[in-house]
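Observations on the three-dimensional arrangement
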Amino acid sequence: TSIGVLFDTRDNAINADRGWLANAVYRTFFDGFLGGDATWQTINLDVRTYRTLTDGGRNKLAFWFLGNLVTGGTAPFFDLPEIGSDGRSGRGYAEGRFRGEHLLYGEVEYRGTLTPNGLVGVVAFLNTTTVDNTETGEKLFGSFAPGAGFGFRLLLNKRSRTNLCTDYGWGKDGSRGFYLSILEAF
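Residues numbered from 1 in each chain as written. Predicted model: local features only at pLDDT ≥ 70, side-chain atom pairs only at ≥ 80, totals over all residues. Heavy atoms only, no water.

**A few points about the overall build of the chain**
Scanning the chain for helices and strands turns up zero helices and nine strands. The order of α-helices and β-strands along the chain, N terminus first, is β-β-β-β-β-β-β-β-β. For 186 residues, the compact-globule estimate of 2.2 N^0.38 gives 16 Å, and the C-alpha radius of gyration of the chain, at 18 Å, lies within 12% of that figure. Considering only C-alpha atoms, the chain reaches an extent of 55 × 35 × 25 Å along its principal axes. A burial count over the chain gives 42% of its 186 residues as buried. The long-range share in the chain, meaning contacts at least 24 apart out of those at least 6 apart in sequence, stands at 48%. Working note: accessible area of the chain is about 10000 Å², and carbon and sulfur atoms make up 61% of it. Where the 19 positive side-chain charges of the chain centre and where its 20 negative ones centre are 10 Å apart. (Helix = DSSP H or I, 4+ residues; strand = E, 2+ residues; numbered from the N terminus. Rg over C-alpha atoms; globule rule 2.2 N^0.38 Å. Buried < 20%, exposed > 50% of the residue type's maximum accessible area, 1.4 Å probe, protein only. Contact = heavy atoms within 4.5 Å. Areas by Shrake-Rupley, 256 points an atom, 1.4 Å probe, with all protein chains shown as cover. Lys, Arg positive; Asp, Glu negative; His and termini not counted. Charge placed at Lys NZ, Arg CZ, Asp CG, Glu CD.)

Structure (structure tokens):
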């Protein structure tokens, strides 16, 4: 079962120039129900906002916060909160590199256009993750996993502002990755 609340004032869900998105979802899982083998609960929080830096929206900042928290019971290992399972978070690290009962993630991204018509764009991003994991002894806010990178954008559809996105990110301990997508990371 789940219950969710969504607040969305973004001007465009694909590539917003301004507005807010706030989403909270509480989920419960039951042992024996539809094949479930554990009883546990989780809450997922997702907050995003976008700010234009110049008239016309050619330069903007985007901010993203994720909180995935197991609030009760014991979640199976592959259901624990992790970076990258959404296909977007944790650029600079492999999917699942950070996993635990509680995960907090934040990212800021600069987005700009290189051509006057917006055909070619560029991004630069910084992110960080912290997890609480009883198996490894990690504590929330005990350590952070920062990531950074840059990318290029090619405008595919001017009306919907859909971009072909290529990003390269770095993380700690030599971690890095290349990311190819059709939509913005957030």
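**Things to note about the nonpolar core**
Counting residues in each nonpolar core, the largest one holds 14 residues, and the members touching the most others are I83, F98, Y105 and F186. Sorting the residues of this core by element identifies β4 (59-73) and β5 (102-113) as the ones contributing at least two each. Ranked by residues supplied to this core, first place goes to β4 with three residues. The residues contacting F186, other than those within four sequence positions of it, are R48, Y50, A62, F63, W64, R91, E107, E109 and R111. (Core = buried A, V, L, I, M, F, W, Y, C linked by side-chain atoms within 4.5 Å.)

**Considering the pattern of salt bridges**
Counting across every chain of the model gives 14 salt bridges. Where R91 meets D167, a salt bridge forms, and the shortest distance between an N and an O atom there is 2.7 Å. Taken together, the residues span a long stretch of sequence, with R91 in the loop between β4 and β5 and D167 in strand β8 (residues 162-171) at a distance of 76 residues. The exposure class assigned to D167 is buried, which follows from its relative accessible area of 5%. A salt bridge links D167 to R153, with the nearest nitrogen and oxygen atoms 2.7 Å apart. With D167 in strand β8 and R153 in strand β7 (residues 145-157), this residue pair connects regions lying 14 residues apart in the sequence. (Salt bridge = Lys/Arg side-chain N within 4 Å of Asp/Glu carboxyl O.)

**Quick word on the pairing of β8**
In this sheet, β8 lies alongside β7 in antiparallel orientation, the contact comprising 10 bridges. Paired with G147 across the strands is G171, a residue of β8. The turn linking β7 back onto β8 is made up of four residues, and R161 within it adopts a positive phi angle of 65°. The pairing of β8 with strand β9 (residues 176-181) spans six bridges and is classified as antiparallel. If you follow C165 over to β9, its bridge partner there is S181. Two successive antiparallel strands, β8 and β9, enclose a turn made up of four residues, where D173 displays a positive phi of approximately 60°. (Pairing = 2+ DSSP bridges.)

Distances and angles like these do not, on their own, reveal function.
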